Amino acid sequence: MSSTELAQKSPGLATGLTSSSIGKKLFVAITGAALLAFAFGHMVGNLQVFMGQDQINKYAHALQGLGAALWVIRVGLIVMAILHIWFAVKLKLENWKARPVNYAYSNTVQAGLASRTMIWSGLLVFSFITYHLLHFTILATNPEYKSLTAMLNGQEVHDVYSMIIYGFKQPLISGFYIVMMFLLAYHLSHGIKSMFQTLGLNNERYEPKLNKLAIAIATIIFLGYISIPVAILAGLVKLPGGMTI
Ligand code: HEM
């Protein structure tokens, strides 16, 4: 047998992993875990808005100060997101191909709505993140936020605190974020369960506990994130005295 034939018959580890269904599931689970860690960390970081202007500005300024390391993290996140979506979509397409006609009654009832709509909730969350980057990172939707600055230890820094308040003082924007964060939590509630299963952590004894843990993590993320627009709309977190853009 020639070496080309041999290579075709026994694909390398990476090719084997990405062509098998379990390999793709593993990629979705591992990249999902990394994205979940980011979502949790970002929520904790954002909650510092409740500790005042200096605290959240100090945090945002420290992140910016990471320089090249911040770009390594950003590129890592983008790669994780692309791989997560790529393999999830591939799995879904294979699923559809294998079962072009829906069963009349079926496991879909058992599977639950969150499970059946993962691909759609995931793609909607991805479009939300694109909007969110244009809103708060690139400032393309609101270039006036670039002019927001504050003093921090004698240094002029970007006033992330006021930017968040200006952003969420608008009920439509806050409402949109809240709906999207509900979708994110909905996606996570099933995603975390699936992740446990793919990583082999699920067995009959632990399954009910792990399912509860998945719902608890998704709920914490939902409540943590929405507490910010809700508190701003309720006037509990305010702009520094007399500030306008
Ligand atoms: C109340 C909700 C949220 C607030 C207040 C918020 C706030 C912010 C702010 C202020 C930035 C810009 C940081 C900077 O440039 O200094 C940012 C960036 C970002 N946010 Fe959010 N965010 C929220 C929800 C989310 C959610 C639900 C996700 C997705 C899970 C998310 C993902 C990101 C990403 C990927 C970045 C870019 C990070 C970077 O490249 O530096 N955010 N967010």
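Small disclaimer: the values here were computed from a predicted structure and weren't measured.

Q: I'm lost on the nonpolar core in this one. Help?
A: Generally speaking, nonpolar side chains in soluble globular proteins are found buried as a group. Of all hydrophobic cores here, the largest spans 43 residues; its most connected members are Ile164 and Phe168. Secondary-structure elements contributing two or more residues to this core are helix H3 (21–46), helix H4 (53–64), helix H8 (118–137), helix H9 (160–168), helix H10 (171–198) and helix H11 (207–233). Leave out the neighbours within four places in its chain, and Ile164 touches Ile56, Phe136, Ile228 and Ile232.

Q: I keep staring at the coordination of the iron atom of the ligand and nothing clicks. Help me out?
A: For a metal bound by four donors in tetrahedral geometry, the ideal donor-metal-donor angle is 109.5 degrees, whereas six donors in octahedral geometry ideally sit at 90 or 180 degrees. The coordination sphere of the iron atom of the ligand, as far as protein atoms go, consists of His42 (NE2) and His132 (NE2), spread over 1.9 to 2.0 Å. His42 sits in the partly exposed class, given a relative accessible area of 25%. Residue class for His132 comes out buried when judged on its relative accessible area of 18%.

Q: What exactly am I supposed to notice about the packing of aromatic side chains here?
A: The geometry of two aromatic rings is summed up by the distance between their centres and the angle between their planes. Inspection of the entire model under this criterion finds twelve aromatic pairs. Considering the side-chain rings of Phe128 and Tyr177, the 5.1 Å spacing of their centres and the 90° angle between planes classify their relative orientation as edge-to-face. Of this pair, Phe128 sits in helix H8 while Tyr177 is found in helix H10, placing the two residues 49 residues apart along the sequence. Across the pair, Tyr177 and Phe128 agree in class, each one buried. Cluster of aromatic residues (ring-pair linked, three or more members): Phe128, Tyr131, Phe136, Phe168, Phe176 and Tyr177. The lysine or arginine in question, Arg74, covers the ring of Trp71, its NZ or CZ lying 4.6 Å from the ring centre.

Q: Just to check I follow, could you spell out the packing of H9 against H11 for this structure?
A: Describing two packed helices takes the angle between their axes plus the distance from one axis to the other. Viewed as axis vectors pointing N to C, H9 and H11 meet at an angle of 75°, and their least axial separation amounts to 9 Å. As far as their axial angle goes, H11 and H9 are roughly perpendicular. Of the residues in H11, those in contact with Ile164, Ile165 and Phe168 of H9 are Ile228, Pro229, Ile232 and Leu233. Its residues placed into classes, the contact of H9 with H11 shows seven nonpolar, no polar and no charged.

Criteria and thresholds
- Residues numbered from 1 in each chain as written.
- Predicted model: local features only at pLDDT ≥ 70, side-chain atom pairs only at ≥ 80, totals over all residues.
- Heavy atoms only, no water.
- Core = buried A, V, L, I, M, F, W, Y, C linked by side-chain atoms within 4.5 Å.
- Buried < 20%, exposed > 50% of the residue type's maximum accessible area, 1.4 Å probe, protein only.
- Helix = DSSP H or I, 4+ residues; strand = E, 2+ residues; numbered from the N terminus.
- Contact = heavy atoms within 4.5 Å.
- Donors = N, O, S within 2.8 Å, 3.2 Å for Na, K, Ca; no water.
- Phe/Tyr/Trp six-rings, centres within 6.5 Å; stacked < 30°, edge-to-face > 60°.
- Lys NZ or Arg CZ within 6 Å of the ring centre and 35° of its normal.
- Axes fitted to C-alpha atoms, helices over the stretch in contact; angles between N-to-C directions.
- Parallel < 35°, antiparallel > 145°, perpendicular 65-115°, else oblique.
- Nonpolar A, V, L, I, M, F, W, Y, C, P; charged D, E, K, R; others polar.

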